[in-house]
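# Per-entry structural report
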Amino acid sequence: MRLTTIALCIIVSTGVGAQDAVVPLFVGDPAPPIPEVKWVRGEPISSWTPGHVYLVDFWATWCPPCVKGLRHLQTLHEQLAGQNVHMVALAIWPTPTSQPPEELLKRFPELSYSIAIDSDNAVADTFMPPTRSTGLPNTILIDRRGRLVWVGAPGDGLEDALEAVVEGEYDIATAREADLVRHRAETFIGEASRAERSGEFRAAIELIEQAIAVDPDRFSAYRGWQYEIALLRLEDGDAARKIADEVLASTQGRDPYVLYVLATRIVTNYDDTPPHLRDLDLALRCATGAVENRDPPDYDSVSLLAQVYALRGRFDLSAETQQRAVELASDQERAAANSLLQEYRARAEDRCCLLYT
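Notes on the structure follow. Quantities reported herein were computed from a predicted structural model and do not represent experimental measurements. (Residues numbered from 1 in each chain as written. Predicted model: local features only at pLDDT ≥ 70, side-chain atom pairs only at ≥ 80, totals over all residues. Heavy atoms only, no water.)

Glancing now at the overall build of the chain. Helix and strand content of the chain: 14 helices and 6 strands. In terms of overall size, the chain behaves like a compact globule, its C-alpha atoms giving a radius of gyration of 21 Å where 357 residues would be expected to give roughly 21 Å. Classification of the 357 residues of the chain by burial places 53% in the buried group. Here the chain has roughly 16400 Å² of accessible surface; of this, 50% comes from carbon and sulfur atoms. Across the chain, the mean location of the 34 positive side-chain charges is 2 Å away from that of the 53 negative side-chain charges. (Helix = DSSP H or I, 4+ residues; strand = E, 2+ residues; numbered from the N terminus. Rg over C-alpha atoms; globule rule 2.2 N^0.38 Å. Buried < 20%, exposed > 50% of the residue type's maximum accessible area, 1.4 Å probe, protein only. Areas by Shrake-Rupley, 256 points an atom, 1.4 Å probe, with all protein chains shown as cover. Lys, Arg positive; Asp, Glu negative; His and termini not counted. Charge placed at Lys NZ, Arg CZ, Asp CG, Glu CD.)

What follows is the structure, encoded as structure tokens:
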């Protein structure tokens, strides 16, 4: 089993509270029960039944890849029906302006697995700091013995791990060793988030660097976060470009996800970036690489490339590329994909008319 889209593991730099006094929770440890929550869909789950497997997804309404992943959980729920495998989605970390989960879930009447809403951060505090989880989307797996066996963003290999756990072929000793490494790296990420919130921007960049050094394969996508801090917080174009150049000159420069995240940071923050610091050439190079280095290309990467062309004013190329994205879109994505395509085509026609008037 494989994740169907790279967007499921877009990195969200969501900080958590101080973790120094928190008792860590590692792969192989007994999973704590779910504390008091508000169940809004499916079967309420408070403890781990022996012989059953649980996939617990932590999400928030302000996190687009989290929301997108809700439907994919339904697919897994249906595929694994009858195998004592349970999907659980726990909404955590609301913000003062975020949409209430109950309202958002009205858009997804087909979801039939267990869904709950955190109460007073009880769930977040139980699972996130102890596992050194600093962002969303984030998922854990619990095996048939009630042990925590996997932690991470869904795109980090969740479905391969789920398949192995269900089939009784999971190597928990190796997974625990990898989790110890992840804990070390995530500790630096948590410190970096706190440093950024405190205005210690160069310290944040260095702490992210230390996290990447612990596990480059898993954490190199945080280069996009470093780039964003340098560009928007420090307004240091030279430092930002240096970060990007180092990425592109390394093996990470061929990693479609690293390139996708860097391009996404540039595009998402385009309006907030001072005009003299906007680098659409870099965005184009990264977005193009994200498409070309991924076989087969996915909807999110191709649509991002179309968006870069639009920002550059090349609506002809934007429409052409978005047409490719439409062909790659899932049923749930197709309406929004077609809407973008029509917008790009209209802008291309407007520009063509201006050239001949």
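It is worth spelling out the state of the cysteines at this point. Applying the stated criterion across every chain, the model contains 1 disulfide. Two residues share a disulfide in this structure: Cys 63 and Cys 66, whose sulfurs sit 2.4 Å from each other. Taking the torsion about the sulfur-sulfur bond, which here is approximately 70 degrees, the covalent link between Cys 63 and Cys 66 counts as right-handed. For Cys 66, a relative accessible area of 2% corresponds to the buried category. (Disulfide = S-S within 2.5 Å.)

What follows concerns the sheet that holds strand β3 (residues 85–91). In spatial order, the strands read β1-β4-β3-β2-β5-β6; together these 6 strands make up an open sheet with mixed pairing. In this open sheet, the two edge strands, each paired with only one partner strand, are β1 (37–41) and β6 (148–152). Averaged over neighbouring strand pairs, the angle between their axes works out to 20 degrees when direction is ignored. By the bridge criterion, 4 bridges tie β3 to strand β4 (residues 114–118) in an arrangement that is parallel. Counted as the bridge partner of Ala 91 is Ile 117 from β4. (Pairing = 2+ DSSP bridges. Axes fitted to C-alpha atoms, helices over the stretch in contact; angles between N-to-C directions.)

It is worth spelling out the packing of aromatic side chains at this point. All told, the structure shown has 4 aromatic pairs when counted by the stated rule. Ring centres of Phe 219 and Tyr 222 lie 5.8 Å apart, and the angle between their planes is 15 degrees; on these two criteria the pair is classed as stacked. Taken individually, Phe 219 and Tyr 222 each receive the classification buried, so the pair is uniform in this respect. The interplanar angle of 50 degrees and the centroid separation of 5.7 Å between the aromatic rings of Tyr 222 and Trp 225 together place this pair among those described as tilted. Like Tyr 222, the residue Trp 225 is buried in the burial classification. Pairwise contacts between aromatic rings join Phe 219, Tyr 222 and Trp 225 into one cluster. (Phe/Tyr/Trp six-rings, centres within 6.5 Å; stacked < 30°, edge-to-face > 60°.)

Taken by themselves, the reported measurements are silent on function.
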